[in-house]
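Structural overview for review
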Amino acid sequence: MDPLIVFPIIISIGPVIMASIINNGRDNRLWFSYIFGMAGWYIALAFRIPILMMINFLDKIVRIISASLLAGLFEETTRFFSLKYIMKETKNPKAPISLGLGWGFSEAVLIYVINVLVSSSIYGYSWIEFLPGAFERNTACIFHTAMAMLLGYSIIRNKTPPPYLSLAIILHGFTNILPYIISFYYTNNIWIIELILFVTVVIITLPIILIYKKLFYQNSNLDHKIS
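In what follows, the accompanying structure is described. (Residues numbered from 1 in each chain as written. Predicted model: local features only at pLDDT ≥ 70, side-chain atom pairs only at ≥ 80, totals over all residues. Heavy atoms only, no water.)

1. Points about the overall build of the protein chain
Filter applied, for reference: The secondary structure listing takes helices from DSSP runs of H or I that are at least 4 residues long and strands from runs of E that are at least 2 residues long, numbered from the N terminus. The classification of residues rests on relative accessible area computed with a 1.4 Å probe and restricted to protein chains. Under 20% of the type maximum is buried, over 50% is exposed, and intermediate values are partly exposed. The contact criterion used throughout is that any non-hydrogen atoms of two residues lie within 4.5 Å. Surface exposure here means Shrake-Rupley accessible area, sampled with a 1.4 Å probe, where a residue is shielded only by the protein chains that are shown. Charged-residue counts in this description rest on Lys and Arg as positive and Asp and Glu as negative, His and the chain ends being excluded. One atom stands in for each charge, and that atom is NZ of Lys, CZ of Arg, CG of Asp or CD of Glu.
On a plain count of helices and strands, the protein chain comes out with seven helices and zero strands. Considering only C-alpha atoms, the protein chain reaches an extent of 60 × 40 × 30 Å along its principal axes. Counting only residues that meet the buried cut, the protein chain has 44% of its 227 residues in that class. When contacts within the protein chain are restricted to residue pairs at least 6 apart in sequence, those whose partners lie at least 24 apart make up 81%. Carbon and sulfur atoms form 70% of the exposed surface of the protein chain, whose accessible area is close to 12500 Å². A gap of 13 Å separates the mean positions of the 16 positive and 11 negative side-chain charges of the protein chain.

2. Quick word on unusual backbone geometry
Phi at asparagine 158 takes a positive value of approximately 55 degrees, unusual for a residue other than glycine. Looking at the secondary structure, you find asparagine 158 in the loop between helix H5 (131-156) and helix H6 (161-185). What makes asparagine 158 exposed here is its relative accessible area of 65%.

3. A short note on the packing of helix H2 (residues 28-54) against helix H4 (residues 94-123)
Put simply, the rule reads: Note on geometry: axes are lines fitted to C-alpha atoms, helical ones only across the stretch in contact, with angles between N-to-C directions running from 0 to 180 degrees. By the definition adopted for this analysis, an angle is roughly parallel if under 35 degrees, roughly antiparallel if over 145, roughly perpendicular if from 65 to 115, and oblique otherwise. Each crossing gets its handedness from the near helix: less than a right angle anticlockwise from the far helix is left-handed, clockwise is right-handed. Three classes are used, and their members are as follows: Ala, Val, Leu, Ile, Met, Phe, Trp, Tyr, Cys and Pro are nonpolar, Asp, Glu, Lys and Arg are charged, and the others, Gly among them, are polar.
As a packed pair, H2 and H4 sit with axes 7 Å apart at the nearest point and diverge in direction by 45 degrees. Classed by the angle they form, the pair H2 and H4 counts as oblique. With respect to the hand of their crossing, H2 and H4 are arranged in right-handed fashion. Counted together, Leu30, Trp31, Ser33, Tyr34, Phe36, Gly37, Met38, Gly40, Trp41, Tyr42, Ala44 and Leu45 of H2 and Lys94, Ala95, Ser98, Leu99, Leu101, Gly102, Trp103, Phe105, Ser106, Glu107, Leu110 and Ile111 of H4 form the full contact between these two elements. Counted by class, the contact of H2 with H4 contains 16 nonpolar, six polar and two charged residues.

4. Section: the pattern of salt bridges
Heads up, the condition is: What counts as a salt bridge is simple: a side-chain nitrogen of Lys or Arg found within 4 Å of a carboxyl oxygen of Asp or Glu.
All chains considered together, the criterion is met by three salt bridges. A salt bridge links arginine 48 to glutamate 75; the shortest N-O distance between them is 3.6 Å. Of this pair, arginine 48 sits in helix H2 while glutamate 75 is found in helix H3 (residues 60-86), placing the two residues 27 residues apart along the sequence. For arginine 48, a relative accessible area of 8% corresponds to the buried category.

5. Examining the side chain of threonine 175
Note the following rule: Polar contacts, as counted here, are pairs of nitrogen or oxygen atoms within 3.5 Å of one another; within protein the pair requires one atom able to donate a hydrogen and one able to accept it, and residues that are adjacent in sequence qualify only if both atoms are side-chain atoms.
Structurally, the position occupied by threonine 175 is in helix H6. Within polar-contact distance, the side chain of threonine 175 engages the backbone oxygen of histidine 172 at 3.0 Å. Those residues in contact with threonine 175 that lie beyond four places of it in its chain are Phe143, Leu197, Val201 and Ile204.

Laid out in structure tokens, this is it:
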């Protein structure tokens, strides 16, 4: 195994670990949300595995589109109900962020880190070949956290859930399908694909983050008035 394989692994999970430590601090409730987010990703995967096995005989393109849409449906639905459970007792705006970070970390470990270690040891791939996937994991973590913010916003502000959940499902399915669309019709250059995906995710998530940021100011002002 290439000893330098540690570098793409650090790139893939290092930022989300640091963000989690900064966001959660020593708050046990936030770390509980984080662990709940980690478990939520596996639960969503378990729910859709039987369907994925049923469509395995279909055409490749149909399988890709179906799997992408199913991921959005099951992950965002599971994420929403996970947040509903967590936020029964707390309206802390950091809780959805924590859950989203845990979700992204869990996916990165199973989808990327384990596969990198196995592939490197068996096939002897160089660490450089794993770099695009490492950066993609960061893009995915940003997206998962933003979707948790979107759904958390609807819960904290007592908004009607269906529009927010539907939007999250659509955005999730779209970002999953986008890399395949680019590779099928435009280019197979993995770095260009990852760059386009990152820019797309930033465009999608930036308005969500800016709107969600107002919750912190509102909660801070409320706490100040109470004290």
